[in-house]
Amino acid sequence: MTYIQDLEKNGFAIIENVLSENGVHNILDEISAITENFSKDAHGIRDILKKSPFILDFGLRSDLFKMVCNIYETPVSLVKATYFNKTPDVNWKVPYHQDVTILVKQKLEAEGFGPWTIKEDIHHVQAPQNVLDNVTAVRCHLDENSEDNGTIKVIPASHKQGKLTAAELRDIYSEKDEIVCYAPKGSIMLMKPLLVHASSKGANPSNRRVLHFEYASHKLPHGLEWHECYTNETV
């Protein structure tokens, strides 16, 4: 499977035509309903799995789950989902970084985990590399993604360098190595958390709506538990 080879080699893979026009439309209808019922902020929704049985079912029953299961030899769980939208009014820039923070049910002193923070009453902690290596993110593109609306940029294969310090992140960046990830509406992007990535402000921003799932292939060590953890048996 080419996407698995690309994910291993480069830290990411973009697959077009995964979501149909009708599928995108249904997701956006659900997002609108969630925004109306749970949030005044239409630019981002955290903890969306608890707010929407539809999104939870989609994350577990759709081809996304099957594709991630093909990557691993161990059972896979859905552990997080977030929605965000970059618009002319909310048009942010994100510097190069790795995604090293996970969400857990409670704080426990555990080797390799830390520092800890609490956001919206949820425990966030930076995880060790062996945990992050077994996580795959899937970004569902609900609009066209280009430089005009501030799409994601990556340093290919940077995930192979492990968990980097702030100084190492500064050193790894080179514009010649940067890839701007153009992605059409209905495509998905699979990505490893340790892939170094960023996004610029949109030069001519419009909606850039993304539904972001994270899947993990094993339980956490030291008695820690994912803040959310769903399998096919959940729904």
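Quantities reported herein were computed from a predicted structural model and do not represent experimental measurements.

Peer 1: Give a detailed account of the packing of aromatic side chains, specifying residues and quantitative values.
Peer 2: Within a pair of aromatic rings, the relevant descriptors are the distance that separates the centres and the angle that separates the planes. The full count for this structure, using the stated rule, is three aromatic pairs. Ring centres of F58 and F213 lie 6.0 Å apart, and the angle between their planes is 40°; this geometry places the pair in the tilted category. With a gap of 155 residues between them, F58 in helix α4 (residues 53–61) and F213 in strand β13 (residues 208–216) connect regions that are remote in the sequence. Comparing F58 with F213 shows no difference in burial state: the two are buried. Relative to Y215, the ring of F65 has its centre 6.0 Å away and its plane inclined at 55°; by these criteria the two rings are tilted. With F65 in helix α5 (residues 63–69) and Y215 in strand β13, the pair connects residues that are 150 residues apart, well separated along the chain. Taken together, the ring pairs in this structure connect F58, F65, F213 and Y215 into an aromatic cluster.

Peer 1: An account of the sheet that holds strand β6 (residues 116–119) is needed here, citing residue identities and associated values.
Peer 2: What the three strands build is an open sheet, ordered β5-β7-β6; its pairing is antiparallel. Here the strands that pair on one side only, and so sit at the sheet edges, are β5 (101–104) and β6. In this sheet, neighbouring strand axes are inclined to one another by 35° on average, regardless of whether the strands run parallel or antiparallel. Pairing of β5 with strand β7 (residues 122–126), which is carried by four bridges, proceeds in the antiparallel orientation. By the bridge assignment, V104 is partnered in β7 with H123.

Thresholds, definitions, all that
Residues numbered from 1 in each chain as written. Predicted model: local features only at pLDDT ≥ 70, side-chain atom pairs only at ≥ 80, totals over all residues. Heavy atoms only, no water. Phe/Tyr/Trp six-rings, centres within 6.5 Å; stacked < 30°, edge-to-face > 60°. Helix = DSSP H or I, 4+ residues; strand = E, 2+ residues; numbered from the N terminus. Buried < 20%, exposed > 50% of the residue type's maximum accessible area, 1.4 Å probe, protein only. Pairing = 2+ DSSP bridges. Axes fitted to C-alpha atoms, helices over the stretch in contact; angles between N-to-C directions.

Function cannot be inferred from these measures alone, as they are strictly geometric.
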